[in-house]
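Listed below are the residues making up each chain.
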Number of protein chains: 4
Amino acid sequence: VTGLADAGAGREPIFSTTLEVRWRDLDAYNHVNNSVYLTYLEEARLRWLSQAQVDWAGADSGPVAAALQMNYRQPITWPGTLRVEKYLVKLGNSSVTLGHRIVDAGDADRVFCEGEIVLVWIDKSSGRPVPLPDSLRRVCGG
Amino acid sequence: VTGLADAGAGREPIFSTTLEVRWRDLDAYNHVNNSVYLTYLEEARLRWLSQAQVDWAGADSGPVAAALQMNYRQPITWPGTLRVEKYLVKLGNSSVTLGHRIVDAGDADRVFCEGEIVLVWIDKSSGRPVPLPDSLRRVCGG
Amino acid sequence: VTGLADAGAGREPIFSTTLEVRWRDLDAYNHVNNSVYLTYLEEARLRWLSQAQVDWAGADSGPVAAALQMNYRQPITWPGTLRVEKYLVKLGNSSVTLGHRIVDAGDADRVFCEGEIVLVWIDKSSGRPVPLPDSLRRVCGG
Amino acid sequence: VTGLADAGAGREPIFSTTLEVRWRDLDAYNHVNNSVYLTYLEEARLRWLSQAQVDWAGADSGPVAAALQMNYRQPITWPGTLRVEKYLVKLGNSSVTLGHRIVDAGDADRVFCEGEIVLVWIDKSSGRPVPLPDSLRRVCGG
């Protein structure tokens, strides 16, 4: 699981946004808990989809995480401002693979984690994959 | 990221434990949020280390997640009782790779997710890797 | 805010249930974070409503917290098993006031917190109060 | 528990700060979960103490919540920017009572909740109350 190339190395993100660390994100080790990194990625992803006017919250269909890969590079502490970057890795029929990085908002060379997530668009009642919405294809340049 | 073999397929776990889903684990999709799966894995891992009398919470050194891989198979709903299974994949000098599965406690064929995590033992002041504690090697049969 | 009588002192709860503390419930002080007490109360409340077959999750109406009072008595640590107790304080037309206590499941004299919560039943589209469901009145003996 | 006067009505806050709602703050009702309001209050409180250079995170002593009172006025949705306001209600020997309000950052008349919290400064090893630090008295004008 460590051999994956960093999707963000030397490329332009398709989206980036900044987030504030909350003290509650810390665990008893006094570092941001590893589960909270996924919340940061999710928040960035939903801001991206919202800005691109992709209807991800509708009643009929929407994205779910199908697979996730994360390399944790260094601990995140409080207080702090993070930048979450998204990269397009692969655009499929029903799925899109996004690379991600979380970096220090004031020092992009300080990489806290990088990895990939596979999102699948599903029909909410049946749970079956459906074609990606055109609005998502457009924002991915597809 | 989807090609990984399921470490738990047809093998005996080195540890398993049951957990209750909480309603707060759900998100606005009415499914357990994908970040919470990591909390389930963490809880099982710390119960395992505690039962094996591995000193993971001490002041000097302890485990951190270095890499994570997850395949999300189906949504988890509330209420529910889960079983988290841990598998030994690889025992290194400073790191251990654990396979994991989260299944329905009442129906082990209902697999909610599986994947792997790489834990590295670090010195808490320097952040540098240190040899795994003997107590952990013993419980891993190493 | 400290003068409130303990609703649970010397009375019989109308419901009690046990919960496991999770390590993620801790914060950087190594104690369960004060916000998580509300998650424990919520989990107990929804188990109670579910067992009493009160339709709280339906599309039309359901309960929301209108007011909360909590006295934090002593810190909760991990691992631990808690018992959450619910007391009926007042049954109104659209609202019910519940007393609550969180105690050590193995030692009921060890009280971690007590207080009260006012729940109001609302119409989910308008946000307006509606009469409490009969199923809730019944389980409250009203 | 509903009779408490709103500490923030018509007064100047001693501190205010803005926060972003995260999608993960929502629960299955699609509103910010009532426990998360406490996380917002905590984040604002710790920013305030940090800016005032009060040593709240030290090894020896620090604040714990002793009592909390909250009136929930209306649901918080995602996305949104909140302003958390703090008011001084009472300065004791070992404790300070703070009023709080969470309002819409763009419309201060839209009040999501208000209430009070009693913080007690304790010795971290013994758990016993200790006098408030001078730095805190100064920032409270005491």
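The present account deals with the structure reproduced in this document. Since we're looking at a predicted model, the values are computed, not measured.

**Considerations on the interface of chain D and chain C**
Between chain D and chain C, the contact holds 25 residues from the first and 25 residues from the second. Taken together, the two surfaces of chain D and chain C that pack against each other cover about 2100 Å², and 58% of this comes from carbon and sulfur. Scanning the region where chain D abuts chain C turns up zero salt bridges. Elements represented by at least two residues in the side of chain D that touches chain C include exactly α1 (36-51), β2 (61-72) and β5 (107-123) of chain D. For the side of chain D that touches chain C, the element with the most residues is β2 of chain D, which contributes ten residues. Tallied by class, the residues present in the side of chain D that touches chain C amount to 13 nonpolar, eight polar and four charged. Strand direction decides the pairing type here: strand β2 (residues 61-72) of chain C and β2 of chain D, joined by five bridges, are antiparallel. Bridge pairing in β2 of chain D places Q69 of chain C opposite Q69 of chain D.

**What about the sheet that holds strand β5 (residues 107-123) of chain B?**
Taken in spatial order, the ten strands line up as β1(A)-β3(A)-β4(A)-β5(A)-β2(A)-β2(B)-β5(B)-β4(B)-β3(B)-β1(B) in an open sheet, and their pairing is antiparallel. Each edge of the open sheet carries a strand with a single partner, namely β1 (15-20) of chain A together with β1 (15-20) of chain B. Direction aside, neighbouring strands of the sheet carry axes that sit 30° apart on average. Across the sheet, helix α1 (residues 36-51) of chain B touches β2 (61-72) of chain A together with β1, β2 (61-72), β3 (81-91), β4 (95-104) and β5 of chain B, and the angle it forms with β1 of chain B is around 130°.

**Let's talk about the environment of V118 of chain B**
Relative to the elements of secondary structure, V118 of chain B occurs in strand β5. Relative accessible area serves as the criterion here: at 10%, V118 of chain B is assigned to the buried category.

**As for the relation of the copies chain D and chain B**
Each copy superposes on the other: chain D lies on chain B with an RMSD of 0.0 Å after a rotation of 180° and an axial shift of 0.0 Å. Accordingly, the operation relating the two chain copies is best matched by a two-fold axis. Interface overlap between copies is the fraction of interface residues in one copy that are interface residues in the other; for chain D against chain B it reaches 100%, indicating a shared surface.

**What to know about the sheet that holds β2 of chain D**
The sheet built from ten strands is open, its strands ordered β1(C)-β3(C)-β4(C)-β5(C)-β2(C)-β2(D)-β5(D)-β4(D)-β3(D)-β1(D) with antiparallel pairing. Pairing within the sheet leaves two strands with one partner each, and these edge strands are β1 (15-20) of chain C together with β1 (15-20) of chain D. Direction aside, neighbouring strands of the sheet carry axes that sit 30° apart on average. Along the sheet, helix α1 (residues 36-51) of chain C makes contact with β1, β2, β3 (81-91), β4 (95-104) and β5 (107-123) of chain C together with β2 of chain D, crossing β1 of chain C at roughly 130°.

**Some words on the environment of R45 of chain C**
Here R45 of chain C lies in helix α1. Its relative accessible area of 7% is what places R45 of chain C among the buried residues. The spacing of R45 of chain C and T97 of chain C is 52 residues in sequence and 12 Å in space, taken between C-alpha atoms. When sequence neighbours within four positions are dropped, the list of residues in contact with R45 of chain C reads K86, L98, I117 and L119 of chain C together with N34 of chain D.

**Side note on the interface of chain D and chain B**
Listed by partner, the interface residues are eleven residues for chain D and eleven residues for chain B. Interface of chain D and chain B: buried area, both sides summed, is about 880 Å²; carbon and sulfur atoms make up 59% of it. Interface area lost by chain D to chain B is led by W23, R24 and A28 of chain D, which between them contribute 67%. The tally of links between chain D and chain B comes to zero salt bridges. Counting across the interface, chain D meets chain B through five residue pairs in polar contact (both at pLDDT 80 or more).

Each value, and the rule that gives it
Residues numbered from 1 in each chain as written. Chains lettered and ligands numbered in written order. Predicted model: local features only at pLDDT ≥ 70, side-chain atom pairs only at ≥ 80, totals over all residues. Heavy atoms only, no water. Contact = heavy atoms within 4.5 Å. Buried area = accessible area lost by both parts, 1.4 Å probe. Salt bridge = Lys/Arg side-chain N within 4 Å of Asp/Glu carboxyl O. Helix = DSSP H or I, 4+ residues; strand = E, 2+ residues; numbered from the N terminus. Nonpolar A, V, L, I, M, F, W, Y, C, P; charged D, E, K, R; others polar. Pairing = 2+ DSSP bridges. Axes fitted to C-alpha atoms, helices over the stretch in contact; angles between N-to-C directions. Buried < 20%, exposed > 50% of the residue type's maximum accessible area, 1.4 Å probe, protein only. Least-squares fit on C-alpha atoms with pLDDT ≥ 70 in both. Polar contact = N/O pair within 3.5 Å; in protein donor to acceptor, adjacent residues only side chain to side chain.

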